[in-house]
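# Structural overview for review
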Amino acid sequence: MEYKRHEWDTNSIADHFGRTILHAAVEDNNVTLVKTLITVGVDINCLEGCDASPLTLAVINKNEGIAKILHENFALSSGALFTCMPSPLEIAKVMELDTMVKLFETDQDYIEDKILLQSFEQCKPVDISDRIEIPDGESQVFKFNRSECRSCPTIIVGDNGTNKICRSVKNWALYAFNWCSEFPGDMHTKGYLCEACYKAMADGGFHHVIHTVMKRPKLTREAFGKRKFQDQNLGHIKEAVRDGGVAFGLAAVQEFKKSVYFPTKSQFMESLRRTGSHNEALLTGFKKWLQDGSADDASFKYNTDLISLYAPLLELYCNVTKCCDGLGREVVWFLLLPIFCQLRKRNYWTESLVHIVNFTTKWPLAVRMMMRQNCSGSIKGNRNANIALDEFVETYIVQPLKKYESGVKKVQDNFDHKMFELFPEWRLGKRSEGENE
């Protein structure tokens, strides 16, 4: 999936001059902020409206310190990037900034070597005692030690229980295990979202609709709670939230048609003339109906939460998993955090908070992009037919292992039974082994 910039992305937030926050930090000579922005992955070669890069501003300000920081982090000082104005190197020459000119020209030919060395900065050379003799002219041998690679974590996929174990192990021995990072899955979290929906909306009519009106007697409180991962309840409760949302939505439509916010014939015609459909007029009026109704009546807001929050959020979650939309998945997790907090689901909001911290601050930008593009998998490689990572792990790794283990145990039991029948002394031998163990 090709990554595209979005409006909320730090690199695309700019003022009316096209300046990003990195441009402002360099212009204000704020060294600390410049280092922080570089650390979190801001584009160091972003251009403002007049095609000036952060390094260009550092040269104009004659700030050798910031210029050196930017250059060491691979800010371009010349090349095809600069088309509408001179490059930082040309500007430094004109301003007779000999130190900067020397810095830019000296390392210009070794930029690729520096990038290569940076990729090996977490790799430890083999100790002299363990190193094989290397003939002259061949490159040095490197080995990768996972426990020493702190800045690029190894991601472990799992449900809430797995992530709790990972965190407890890291807290117990942080130095030894802080190379791992949790990645909550989607399958279990959808169950948590359905449970939160039921807890918030059941007493307002949701339980009556799905249990009595839709005649689904098996969808009890236990099915949404302790038993949501048993007896195929996960699929049933997701269908219940979806269908309950549709039912509440149809009722809302009937009430909306009776209100003063329903578009008039002239509004419908105007929308049809401008956009080719009536959708804009309907959506605008419906949103106005929801906003004003929620402001005037707390009961109205409560009853419409199912069609304005829970059901659409679950539908979005299912779609971003199916289509492997990593950015949409992050949006869902941001929305889940306050829901779990307000409902006092401590384990769930802890999982949400840790995951949000991971992909917004802790993970390197490359890791975050990797997880966006691989947040779900498909055995056959079909697009829009993906399953969540934790579901993939459980279906294609955990379950086969369990079946293999149970099969081996069954074969062993049958073998022991036959041996007991043929050789009674075999039973005594097995019993003595168990006692010794």
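Source: prediction; values computed, not measured.

## Description of the nonpolar core
Within the largest apolar cluster, 49 residues are counted, with the highest numbers of intra-cluster contacts made by Phe 206, Phe 224, Tyr 310 and Leu 336. Counting only elements with at least two residues in this core, the list comes to helix 10 (187–201), helix 11 (206–213), helix 13 (233–258), helix 15 (279–296), helix 16 (298–322), helix 17 (326–342), helix 18 (346–362) and helix 19 (365–373). Taken domain by domain, the makeup of this core includes at least three residues from each of domain 2 (151–203 + 239–246) and domain 3 (247–365). Beyond its immediate stretch of four places on either side in the chain, Leu 336 contacts Thr 189, Leu 193, Leu 313, Tyr 317 and Ser 352. In terms of nonpolar packing, the next biggest core, distinct from the first, is built from 26 residues, Val 26, Ile 44, Leu 55 and Val 59 among them.

## Considering the packing of helix 10 against helix 17
Where helix 10 meets helix 17, the closest approach of the two axes is 11 Å, and the angle between their N-to-C directions is 45 degrees. If you check the angle between helix 10 and helix 17, you find them oblique. In this structure, helix 10 meets helix 17 at a crossing whose hand is left-handed. Judged by residue contacts, Thr 189, Tyr 192, Leu 193 and Ala 196 of helix 10 engage Trp 333, Leu 336, Ile 339 and Phe 340 from helix 17.

## A word on the environment of Leu 337
One can find Leu 337 in helix 17. For Leu 337, a relative accessible area of 19% translates into the label buried. A sequence separation of eleven residues divides Leu 337 from Tyr 348, and the C-alpha atoms of the two residues are 8.1 Å apart. If we skip the residues at most four places from it in the chain, Leu 337 touches Trp 349, Ser 352, Leu 353 and Ile 356.

## Notes on the packing of aromatic side chains
Per the stated rule, a full pass over the model turns up 14 aromatic pairs. Relative to Phe 262, the ring of Phe 256 has its centre 5.3 Å away and its plane inclined at 65 degrees; by these criteria the two rings are edge-to-face. For Phe 262, a relative accessible area of 26% gives the class partly exposed. Between Phe 256 and Phe 286, the aromatic rings sit 5.3 Å apart at their centres with planes inclined by 85 degrees, giving edge-to-face as the arrangement. Placement of Phe 256 in helix 13 and of Phe 286 in helix 15 is noted, with a sequence separation of 30 residues between them. Using a relative accessible area of 4% as the deciding quantity, one classes Phe 256 as buried.

The rules behind the values
- Residues numbered from 1 in each chain as written.
- Predicted model: local features only at pLDDT ≥ 70, side-chain atom pairs only at ≥ 80, totals over all residues.
- Heavy atoms only, no water.
- Core = buried A, V, L, I, M, F, W, Y, C linked by side-chain atoms within 4.5 Å.
- Buried < 20%, exposed > 50% of the residue type's maximum accessible area, 1.4 Å probe, protein only.
- Helix = DSSP H or I, 4+ residues; strand = E, 2+ residues; numbered from the N terminus.
- Domains from an automatic or database assignment.
- Contact = heavy atoms within 4.5 Å.
- Axes fitted to C-alpha atoms, helices over the stretch in contact; angles between N-to-C directions.
- Parallel < 35°, antiparallel > 145°, perpendicular 65-115°, else oblique.
- Left-handed = near helix turned anticlockwise from the far one by under 90°.
- Phe/Tyr/Trp six-rings, centres within 6.5 Å; stacked < 30°, edge-to-face > 60°.

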